[in-house]
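Examination of the molecular architecture
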Amino acid sequence: MPAPATPTPLEAELAAVAAHIPGAKASDLRTTPVAGIYEYSHGAELVYVTADGRYGFAGDLYRMSDRSNLSDARRRELRLALIGAVPESTMVVFTPTVATKYTITVFTDVDCTYCRALHKQIAEYNRLGVKVRYLFFPRTGPNTESWAKAEQVWCSADRRAALTQAKLGVALTAAVCKPNPVADQYALGRAIGLTGTPGIVTDNGDLLPGYAPPDELVQELQRDATPGPG
């Protein structure tokens, strides 16, 4: 059996900091431009910690020369990595018949009023070139009616039609099947810091809270496609 690889100086440095933080791994940490301060990430949540692991603080780290929000850029990066690990085959996807200009990943709750408002205009989002990829986020959590509805949507023969029906308040008849992705998607929503639905993650990794009409959302996506320095 080959001998374990010798850690690099940076790996050893991060492992030493992680050893002082309960539950932390070296891979959860990285250095920052500030000497003696390390970034600790849990999902897309960031905390900055001291080298001895005794103190931490939450907030945004800016590069003052150009006022770039380094924390926000890092959160976008982490969100994209987390969502990028989810196969599109486990999503309910509404694809434009025209050329796709933007792709949004939407955490949705079948019973959420604003989620229903968004879905009523799904054809218009698609007409404007917006591809909508739904992930399930029943806000009431496991073992609730909304959770069961999300599972029924997934277990239906036509998931897109079932989601549309469920959002119209139509009772579904599909039996809950196992396995299904609802629990994993709910955990992912929590990991990226979702606090409500619909939660819209853009191509750039921004998290847009709440519903926006199609025209307004496209304007936001246009701005998002050309962000400031990060």
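A brief structural summary. (Residues numbered from 1 in each chain as written. Predicted model: local features only at pLDDT ≥ 70, side-chain atom pairs only at ≥ 80, totals over all residues. Heavy atoms only, no water.)

1. What about the nonpolar core?
Counting residues in hydrophobic clusters, the biggest one holds 47 residues, and the most contacted among them are I104, F107, V130, V132, Y134, V153 and L217. Of all the elements, strand 9 (residues 130-136) adds the most residues to this core, at 5 residues. Look past the residues within four positions of L217 in its chain and what remains in contact with it is I104, Y125, I200, L208 and A212. Counting residues in hydrophobic clusters, the runner-up holds 9 residues, among them V17, I21, L29 and Y38. (Core = buried A, V, L, I, M, F, W, Y, C linked by side-chain atoms within 4.5 Å. Buried < 20%, exposed > 50% of the residue type's maximum accessible area, 1.4 Å probe, protein only. Helix = DSSP H or I, 4+ residues; strand = E, 2+ residues; numbered from the N terminus. Contact = heavy atoms within 4.5 Å.)

2. So, the sheet that holds strand 11 (residues 207-209)
Whether parallel or antiparallel, the strands of a sheet pair through hydrogen bonds between backbone atoms. With mixed pairing, 5 strands are arranged side by side in an open sheet as 7-9-8-10-11. In this open sheet, the two edge strands, each paired with only one partner strand, are strand 7 (92-94) and strand 11. Within this sheet the neighbouring strands show an average axis-to-axis angle of 25 degrees, counted without direction. Alignment of strand 8 (residues 102-108) against strand 10 (residues 199-201), held across 3 bridges, turns out to be antiparallel. From the neighbouring strand, V106 faces strand 10, where its bridge partner is I200. Across the sheet, helix 8 (residues 214-224) lies against strand 8, strand 9, strand 10 and strand 11, angled at about 120 degrees from strand 8, the strand it touches most. (Pairing = 2+ DSSP bridges. Axes fitted to C-alpha atoms, helices over the stretch in contact; angles between N-to-C directions.)

3. A few points about unusual backbone geometry
Following K178, the chain continues into P179 via a peptide bond in cis, with omega recorded as 0 degrees. The step from T197 to P198 runs through a cis peptide bond, and the omega angle for that step is -5 degrees. Locating P198 in the fold gives a position in the loop between helix 7 (182-191) and strand 10. Here R67, not a glycine, exhibits a phi torsion of approximately 60 degrees, which is positive. You can call R67 exposed: its relative accessible area is 69%. The phi dihedral of N143 is positive, around 60 degrees, even though this residue is not glycine. By the secondary structure assignment, N143 is in the loop between strand 9 and helix 5 (145-154).

4. Re the state of the cysteines
One pass over the structure, following the stated rule, counts 1 disulfide. The disulfide partner of C155 is C177, and the gap between their sulfur atoms is 2.0 Å. Note on the C155 and C177 pair: the S-S dihedral is about -90 degrees, so by sign convention the disulfide is left-handed. Within this pair, whereas C155 is found in the loop between helix 5 and helix 6 (159-167), its partner C177 is found in the loop between helix 6 and helix 7, the two being separated by 22 residues in sequence. Judged by its relative accessible area of 18%, C155 falls in the buried class. (Disulfide = S-S within 2.5 Å.)

No statement about biological role is implied by the geometric values presented.
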